[in-house]
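# Architecture at a glance
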Amino acid sequence: MSSENSSADDVQQVWDVVVVGAGPAGASAAYAAAVAGRRVLLLEKAELPRYKTCGGGIIGPSRDSLPPGFELPLRDRVHAVTFSHNGRFTRTRRSRQMLFGLINRPEFDQQLVEHAQKAGAEVRTGVTVQRVEQHGSTVPDRRTVAVLLQGGEVLLARAVVGADGSASRIGAHVGVKVDQVDLGLEVEIPVPDTVAEDWKGRVLIDWGPMPGSYGWVFPKGDTLTVGVISARGEGAATKRYLEEFVGRLGLAGFEPGISSGHLTRCRADDSPLSRGRVLVCGDAAGLLEPWTREGISFALRSGRLAGEWAVRIAEAHDAVETRRQALNYAFAVKAGLGVEMSVGKRLLAVFERRPGLFHAALTSFRPAWKAFKDIAQGATSLGEIVRTHPMAQRALAALDRRPAVPDDEVSPSG
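Quick look at the structure, then. Bear in mind the structure is a predicted one, so any value in this text is a computation, not a measurement. (Residues numbered from 1 in each chain as written. Predicted model: local features only at pLDDT ≥ 70, side-chain atom pairs only at ≥ 80, totals over all residues. Heavy atoms only, no water.)

## Structural notes on the overall build of the chain
Across its full length, the chain carries 13 helices and 18 strands. Overall size of the chain, expressed as C-alpha extent along the three principal axes, is 80 × 45 × 40 Å. The proportion of buried residues among the 414 residues of the chain is 53%. Taking contacts inside the chain between residues at least 6 apart in sequence as the whole, the part at least 24 apart equals 74%. In the form shown here, the chain has an accessible surface area of approximately 18300 Å², with 51% of it arising from carbon and sulfur atoms. (Helix = DSSP H or I, 4+ residues; strand = E, 2+ residues; numbered from the N terminus. Buried < 20%, exposed > 50% of the residue type's maximum accessible area, 1.4 Å probe, protein only. Contact = heavy atoms within 4.5 Å. Areas by Shrake-Rupley, 256 points an atom, 1.4 Å probe, with all protein chains shown as cover.)

Pasting the structure below:
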């Protein structure tokens, strides 16, 4: 073969699936597509491993969505939860079985990427995707998507999965719409052994002073991850909440190793999940639980679905078949994650008005604590509880209708 022909072939090399973003959603998508035997390229703009603002709680649905043989790099196993309401009415509930595990995201994400590589995916780091194009001079035919990189390089793919986080460029291409944006602030605080021992196996959840806000302490060996989250637009109040929270816990004297912030974005009900041969998943699609803003399980589950359907889209020979498979992907996401999100939105609306009621229920009402445990352990989901428990349906319907009352009326005495 002449060198001219070989270079032409190199230029025209087409990947079956290109995944943009190597977090839990992207790594899961790349793994799912590679396991199916496709030529998969996973792109990541940072160098791995990289830090990510995240509590790092791995609940049952996350654990169940990991690749076979995945060994979780757990820093702690949680058997107890201390609940407080803006620092008051503190109460600890315990479980004989582990509730959930705690990981550091750099290790966890790196391990997921390695599993995708073992399955056959190729990984490129330090690569910034500027945009994708499905029409025009960069696209050789209607079965191809052009992925344009910073620096001018163009990659070609039969299908693209956008998993590039909450400020997603691929999400912008698809037209993702969000209707809830929250600001999470977090500090990683190295602590002495005596302090670490006091937190071992136990997390703290504090229902915060602003509507819909809460704080957390997650122990990870010699470091405590301490964070708060609240609606965007309350930046100063959210920062003050974190400072007061850290002070209340007696941790103000320790110097944080890392201090960071992150916006979480939750999709609107009518937000698209695809455009042509491009799918979005995880944070890029605005998929997370609206009340707790838990995103890892949503990233892993939607990433796996996106990888599986990207394979089908890569095989589609025309626009009709592409659209059919994209609609099937959207249906699969909405049937599972969408149901959980709609219940989470209702719970958030009630929690914003009546956090004291949630606190009283979780600390004093056995069925509420059992539901929390079952969800954390992966025995059930929010959607499943509301679907199968008439009492939960009636309670949620009643709470939807009731006005706010002063929290002190419903908080148990400390």
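Here the narrative resumes, following the displayed structure.
## Regarding the packing of helix 2 (residues 24-35) against helix 4 (residues 105-118)
Where helix 2 meets helix 4, the axes come as close as 8 Å, and the angle between the chain directions of the two elements is 15 degrees. Comparing the axis directions of helix 2 and helix 4 gives the class roughly parallel. By crossing handedness, the relation of helix 2 to helix 4 is classed as left-handed. Across the interface between the two elements, Pro24, Ala27, Ala30, Tyr31 and Ala34 from helix 2 touch Arg105, Phe108, Asp109, Leu112, Val113, His115 and Ala116 from helix 4. Split into classes, the residues belonging to the contact of helix 2 with helix 4 amount to 9 nonpolar, 1 polar and 2 charged. (Axes fitted to C-alpha atoms, helices over the stretch in contact; angles between N-to-C directions. Parallel < 35°, antiparallel > 145°, perpendicular 65-115°, else oblique. Left-handed = near helix turned anticlockwise from the far one by under 90°. Nonpolar A, V, L, I, M, F, W, Y, C, P; charged D, E, K, R; others polar.)

## Details of the sheet that holds strand 16 (residues 258-267)
Taken in spatial order, the 7 strands of this open sheet run 6-5-13-14-15-12-16, and their pairing is mixed. Where the open sheet ends on each side, the last strands, each with one partner, are strand 6 (88-94) and strand 16. When the angles between neighbouring strand axes are averaged without regard to direction, this sheet yields 20 degrees. Relative to strand 15 (residues 223-231), strand 12 (residues 178-190) runs antiparallel, the two being bridged by 9 bridges. By the bridge assignment for strand 15, Leu185 is matched with Val228. Each of strand 12, strand 13 (202-207) and strand 16 touches helix 9 (residues 319-353); the most contacted strand, strand 16, lies at about 110 degrees to it. (Pairing = 2+ DSSP bridges.)

## A look at the layout of surface pockets
Of the pockets and cavities examined, the second largest pocket occupies roughly 480 Å³. Around the second largest pocket, the lining comprises 22 residues; the ones closest to its centre are Arg275, Gly276, Arg277, Thr322 and Arg323. Every element with two or more residues in the lining of the second largest pocket is listed here: strand 17 (274-275) and helix 9. With 7 residues, helix 9 is the largest single contributor of residues to the lining of the second largest pocket. A class-by-class count of the residues in the lining of the second largest pocket yields 6 nonpolar, 8 polar and 8 charged. (1 Å grid on protein atoms, 1.4 Å probe; cavity = no way out; pocket = protein on both sides within 12 Å on 5 of 7 lines; lining within 4 Å. Points joined across faces, edges and corners; volume = space filled by probe spheres on them.)

## A few points about the sheet that holds strand 7 (residues 100-102)
Pairing within the open sheet is antiparallel, and its 3 strands lie in the order 3-7-4. The open sheet has two free edges, formed respectively by strand 3 (57-58) and strand 4 (76-78), since each of these has just one partner strand. Two strands pair when backbone bridges link them, and strand 4 and strand 7 are joined in this way by 3 bridges, in the antiparallel orientation. Each bridged residue has a counterpart across the sheet, and for Asp76 the counterpart in strand 7 is Leu102.

## Description of the nonpolar core
Residues Val18, Leu43, Phe108, Val147, Val160 and Tyr329 are the most contacted members of the largest nonpolar core, which totals 68 residues. Residue contributions to this core peak at 11 residues, all from helix 8 (residues 296-315). If we skip the residues at most four places from it in the chain, Phe108 touches Pro24, Ile58, Leu66, Phe70, Leu72, Pro73, Ile103, Ile296 and Leu300. Judged by nonpolar contacts, the second largest core, of 28 residues, contains Leu347, Val350, Phe358 and Val386. (Core = buried A, V, L, I, M, F, W, Y, C linked by side-chain atoms within 4.5 Å.)

## With respect to unusual backbone geometry
Glycine aside, the phi torsion of most residues is negative, and most peptide linkages are trans. The peptide bond linking Leu48 to Pro49 adopts the cis configuration, its omega dihedral lying at -5 degrees. Along the chain, the position of Pro49 falls in the loop between strand 2 (40-44) and strand 3. Here Asn86, not a glycine, exhibits a phi torsion of approximately 50 degrees, which is positive. You can see Asn86 is positioned in the loop between strand 5 (80-85) and strand 6. If you check the backbone angles, Arg293 has positive phi at about 60 degrees while not being a glycine. Position of Arg293 relative to the elements: it lies in the loop between strand 18 (278-280) and helix 8. The exposure class of Arg293 is buried, given its relative accessible area of 9%.

## Concerning the packing of aromatic side chains
Tallied over the entire structure, the rule returns 14 aromatic pairs. Geometrically, the ring pair formed by Phe83 and Trp207 is stacked, given 6.1 Å between the ring centres and 15 degrees between the ring planes. Of the two residues, Phe83 sits in strand 5 while Trp207 sits in strand 13, which places them 124 residues apart along the sequence. By relative accessible area, which is 0% here, Phe83 ends up buried. Centre to centre, the rings of Phe100 and Phe218 are 6.0 Å apart; their planes meet at 55 degrees, and the pair counts as tilted. Of this pair, Phe100 sits in strand 7 while Phe218 sits in strand 14 (residues 214-220), and the two are 118 residues apart along the sequence. By the burial criterion, Phe100 is buried, and Phe218 matches it. One aromatic cluster is present, formed by Phe83, Trp207, Tyr214, Trp216, Trp291, Phe351, Phe358, Trp369 and Phe372 through successive ring pairs. One cation-aromatic arrangement involves Arg301 over Phe298; the distance from NZ or CZ to the ring centre is 5.1 Å. (Phe/Tyr/Trp six-rings, centres within 6.5 Å; stacked < 30°, edge-to-face > 60°. Lys NZ or Arg CZ within 6 Å of the ring centre and 35° of its normal.)

So yeah, pure geometry; function would need other evidence.
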